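Listed below, chain by chain, are the residues.
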Amino acid sequence: MTETTHEPLSKVYNPADVELNMYRFWEGHGYFQPVGDVSRSAFSIVMPPPNVTGQLHLGHAWDLTLQDVIVRFRRMQGYDTVWVPGTDHAGIATQARVEKALQEEEGVSRHDLGRDPFVQRVWAWKEQYGNRITNQVRRLGASCDWSRERFTMDEGLSTAVREVFVRLYERGLIYRGQRIINWCPRCATALSDIEVEHTDVPGHLYYVRYPLVDGDGGVTIATTRPETMFADVAVAVHPDDDRYAAMVGKRLALPLVGREIPVLADAYVDPEYGTGCLKITPAHDPNDFEVGQRHGLDVLQCIGADGRLTELAGPYQGLDREEARRRVVEELRQQGYLVRVEEITHAVGHCSRCDTVVEPLLSMQWFVRMQPLAAPVLAAVADGRLQFVPERFAKVFVHWLENVRDWCISRQLWWGHRIPAWYCDGCGQISVARETVQACPHCGSQQVHQDEDVLDTWFSSALWPFSTLGWPADTEDLRRYYPNSVLVTGYDILFFWVARMAFMGVEFTGEVPFHKVVLHGLIRDAQGRKMSKSLGNGVDPLEVIDQYGADALRFTLTTGSSPGNDQRFYDERVQGSRNFINKVWNAARFVYLNLPPAEGMPEWDPASLTIADRWILTRLAEVVTEVTDHLERYDLGEAGRILYDFTWDEFCDWYIEFTKLSLYGQDEAAKAQTRAVLVTVLDTLLRLLHPFIPFVTERIWETLPVSGEALIRAPWPDATAFVRDEEAVRQIRVVMEAIRAVRNIRADLNVSPGKSVAMSIRCQDAGTEALFQSVEPYLVRFGNLNRVEIGVGIELPGQAMTAVVNGAEIALPLADLVDLAIERERMQRERERLLAEVQRVERKLANAQFVAKAPPHVVEAERAKGAEYRAKLAAVEERLRRLASS
RNA sequence: GCGGCUGUAGCUCAGAGGGAGAGCACCACCUUGACACGGUGGGGGCCACAGGUUCGAUUCCUGUCAGCCGCACCA
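Note that the structure is predicted; figures quoted are calculated from it, not measured.

Participant: Give me the protein's contact with RNA strand B: which residues, what numbers.
Facilitator: Near RNA strand B lie 60 residues; those nearest to it are Asp270, Asn287, Ala347, Tyr664 and Tyr869. Those atoms of RNA strand B that come within 4 Å of the protein belong to sugar or phosphate at a rate of 60%. Here a base oxygen of RNA strand B sits 2.3 Å away from a polar atom, N or O, in the side chain of Asp270. Residue Ser562 places a side-chain N or O atom 2.8 Å away from a phosphate oxygen belonging to RNA strand B. Elements supplying a minimum of two residues to the surface near RNA strand B: strand E8 (218-223), helix H10 (393-403), helix H17 (571-593), helix H19 (636-663), helix H22 (726-748), helix H25 (820-846), helix H26 (848-853) and helix H27 (856-885). Counting residues per element, the surface near RNA strand B draws most heavily on H19, at nine residues.

Structure below.
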């Protein structure tokens, strides 16, 4: 127990007083670690690793909270539960940040420092900032097992990365080759296809005349990138294009440079687009590259890795891409080659990190062959071994995997897993190895050097579900907790991460790394915009926690959306959650303050429960069932909302009010009984709420006289443990209806709450009379009544305000306050309402098809409703007749 | 072009084949011995539109319109 136990509870819940100590209490007692009981089923999750030097943002907070709710729920259900946390080295992002800091603070570049010293600086940076994010994860209340924390560049995971690389290489699934890749000139590295964002931008289509070498004439090509013309090696036309049939095989003189290039035919060309003549630049366009391969064309490069023109561009050498384009267009115009310019919008690839226009660049890179790896994953989706929540994401996932191209995994960075390939200066052979290569295994030369590049960060992330558990070693954790039970992450990294974990998992463990993928959406601002640094509309979760508490943030995030959908985040919603938590707190205070000090768990005699007790216990059992079902289906939002409604409306607004009758009365036995039920309901609610709002529930639970060392380890409630009494539920609804009717009348007539009044209830039958007799004290308390008359045959006062409830008529003879005009209006409104209901029901029941085909219980329910409405309508009409004659 | 999501109260969103819901906002009243981060009462919606399936559709299907997203792109 924490030191705060059994201090009086403050009037308003103050999260700051509780959260830090509570987290230490949990973590210190090892509650986040699996119990290790092998007789129990295992439940495991790995945390999507945040960037080690990053800061927690709301997206993380949401993702982590969902996981924590699931983990706490499973832990309470008795699973041997483990949640493995960790961080990611985030190659480009981290390197860029350290480079920026070095530049700003010391005015040096990474090249000034050199590779090893620079990498050391990044490690130092990681040591400095690496704890920040994990402490932020703690502040959220994440119950992950920190004793198993991993980092993508720690020793074990690096071993896993090498192992995977070597094995894939040996199987021919990793290869090195000259390909057109996406090059970010600013980040100065290759990118994979999914790190490129295609956005529509306005541009120009330039029509340029390429003259024939011999004789007059030529062709006009259309291009958006005239600056690449120095690397043109051909012009292609469609083989069936009659317009240019005669040109095929002729030679053209490249404008400005005069180099000769052939005209050739290739079906890739779309005769409809532009002029139907396509310049072929294999080094600067992936499609052109393929055309070039088909026709055995040279590959010339006129733009280098720095985004500037090469010596091939002659006088344009050294210019950047934009400047070169302007100058080339101008020169073409002056020399009469530019036929016309058309304004177009086209999709241009941008670096997803820095938004620089990506340059398709021919270069030597490492690739993962995707088709053989994707196939078994597709099979796993098809046969249900890998499932998605919501299901619709399976389709997106499958479509992507079916069309995926080979994955470029080499990055021209220094921070990351260096590619385990060594080149021999002697014989030129490549050696890929698990251990550092000292001498070339092919020729024995000591002149070997390792590949300069590192691997895509996602390459190591892809191994996360098993590398964190010790793979490639055959560890106990791996055997027990792999495959993971579920993966929770945002749909935005379905391809980046989920797909890659899936194929790596299948390839290296023979099993999908998790059976279920639960996907959530994105956090947006109050206007529905994505949160971004450039918009400045981001919300810092730590500030939210400081202001409202981690529980309020968690409850907001978990109840704010339905599965797979985005959610908007704004202050009022957090306030609503904070208010709810305060409501729970005060309900607990109420129970606590009404409990005698230092007593054990009170007990009750099921035979003497009040109708209110039986009602709340029945409803509680229903709530346990519903909440459990929703959580099992990973529909956390709905589970949270059910708890919110039940806690506030039924438990606080009604049940607690009902209990005041006995608690403030003289009957000690009844008091004890009420306390027992109150404690039971509160205890159960705290257990159900704990996964959502762990801090406040644990804190409250400490004060309750229930056995157990901590709520986090308490068993999940069992719905069958409670009294079930559907009749009590039905009856309490009638009582509520009557109480609302009284309140309604009082409000309509502006009767001050302090003024007590009399009430008559004319019941339709003895059963209803008995019910109202039994709940008379409730009526008196809630209606502030000074006299109650209940009976079947009683006469209702004429000078009164009335209401019709299920099975009875209610009258409040308010003497001088009675306004028969208002009464008439009320009754007429009620009559119209009931008439509409009666007609609706009767129309249904008159339909022979409905009676014949609808399920019997539905027909029966309609009949019952019809009877109820007709009875009420009759009473209302009778009342209106009397009013007319008075 | 292919695929997907969304359209329900003023706002933000749940919901579900059979009587339209919540929070916030709004109006009126209330210092009732858990809570004003509260209580009570109230107003407010052809559930985007048009067809279809069904005894019955706001819910399922098709189409239209509107907003959004992903994938693929012809230079």
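Right, picking up where we left off after that structure.
Participant: Please set out the sheet that holds strand E11 (residues 260-265) residue by residue, giving values where relevant.
Facilitator: Ordered by their spatial adjacency, four strands build an open sheet running E10-E11-E9-E12, and the pairing between neighbours is mixed. Strands with a single pairing partner mark the edges of an open sheet, and in this sheet they are strand E10 (251-253) and strand E12 (277-280). In this sheet, neighbouring strand axes are inclined to one another by 30° on average, regardless of whether the strands run parallel or antiparallel. Pairing of strand E9 (residues 234-237) with E12, which is carried by four bridges, proceeds in the antiparallel orientation. Its bridge partner being in E12, Val237 is matched across the sheet by Cys277. Here helix H7 (residues 286-295) sits on the sheet and contacts E11 and E12; the angle it forms with E12, its principal contact strand, is near 85°.

Participant: Tell me about the side chain of Thr489, and please be specific about residues and values.
Facilitator: Within the secondary structure, Thr489 sits in strand E22 (residues 484-490). Filtering out sequence-adjacent residues up to four positions away, Thr489 remains in contact with Pro48, Asp63, Trp497, Val498, Val518, Leu519 and His520.

Participant: Residue-level account of the environment of Leu834, with values.
Facilitator: By the secondary structure assignment, Leu834 is in helix H25. When the C-alpha atoms of Leu834 and Tyr655 are compared, they prove to be 29 Å apart, with 179 residues separating the residues in sequence. Once you skip the residues sitting within four places of it in the chain, Leu834 turns out to touch Tyr869, Lys872, Leu873 and Val876.

Participant: Requested: an account of the pairing of strand E28 (residues 801-805), with residues and values cited.
Facilitator: Most of E28 is tucked away, with five of its five residues classed as buried. Neither face of E28 is open: one carries Met801, Ala803 and Val805, the other Thr802 and Val804, and all of them are buried. Relative to strand E29 (residues 808-812), E28 runs antiparallel, the two sharing five bridges. Paired with Val805 across the bridge in E29 is Ala808. Taken together, E28 and the strand that follows it, E29, pair antiparallel across an intervening segment of two residues, in which Gly807 is found at a positive phi of about 95°.

Participant: Got a sec to walk through the packing of aromatic side chains? Specific residues and values, please.
Facilitator: For the structure shown, the criterion picks out 38 aromatic pairs. Between the aromatic rings of Tyr13 and Trp585, the centroid separation amounts to 4.9 Å while the plane-to-plane angle is 45°, which identifies the pairing as tilted. With a gap of 572 residues between them, Tyr13 in the segment before helix H1 (15-28) and Trp585 in helix H17 connect regions that are remote in the sequence. Each member of the pair, Tyr13 together with Trp585, is buried.

Participant: Talk me through the sheet that holds strand E5 (residues 174-184); I want residue IDs and the actual numbers.
Facilitator: Within the open sheet, the four strands sit side by side as E6-E5-E14-E16. Their pairing is antiparallel. For this open sheet the edge positions go to strand E6 (189-191) and strand E16 (407-408), each flanked by a neighbour on one side alone. As defined by bridge partners, E5 adjoins strand E14 (residues 359-368) across 10 bridges and the pair is classed as antiparallel. What sits directly across from Ile174, in E14, is Val368.

Conventions and cut-offs
- Note on numbering: residues in each chain are counted from 1, in written sequence order.
- Each chain takes a letter, starting from A, and each ligand takes a number, starting from 1, following the order in which they are written.
- Under the rules for a predicted model, residues below a pLDDT of 70 receive no local features and side-chain atom pairs below 80 are neither given nor counted, while totals for whole chains, interfaces and linings still include all residues.
- Remark: hydrogens and water are excluded; side-chain values derive from all non-hydrogen atoms of the structure.
- We define proximity as follows: a residue is near a molecule or strand when any one of its heavy atoms falls within 4 Å of that partner.
- Here a polar contact is recorded for every N or O atom pair within 3.5 Å, except that within protein the pair must consist of a potential hydrogen donor and a potential acceptor, and residues adjacent in sequence are included only if both atoms are side-chain atoms.
- Each helix is a run of H or I in the DSSP string that is no shorter than four residues. Each strand is a run of E no shorter than two, and both are numbered from the N terminus.
- If DSSP finds at least two bridges between two strands, the strands pair.
- Axis definition: a line fitted to C-alpha atoms, limited for helices to the stretch in contact. Angles are taken between N-to-C directions and run from 0 to 180 degrees.
- In this analysis, two residues are considered to be in contact whenever any of their non-hydrogen atoms come within 4.5 Å of each other.
- Exposed residues in this analysis have more than 50% of their type's maximum accessible area, buried residues have under 20%, and partly exposed residues fall in between, with area computed by a 1.4 Å probe over protein chains only.
- Ring pairs shown here join Phe, Tyr and Trp side chains whose ring centres sit within 6.5 Å, with only the six-membered ring taken for Trp; geometry is labelled stacked below 30 degrees between planes, edge-to-face above 60, and tilted in between.

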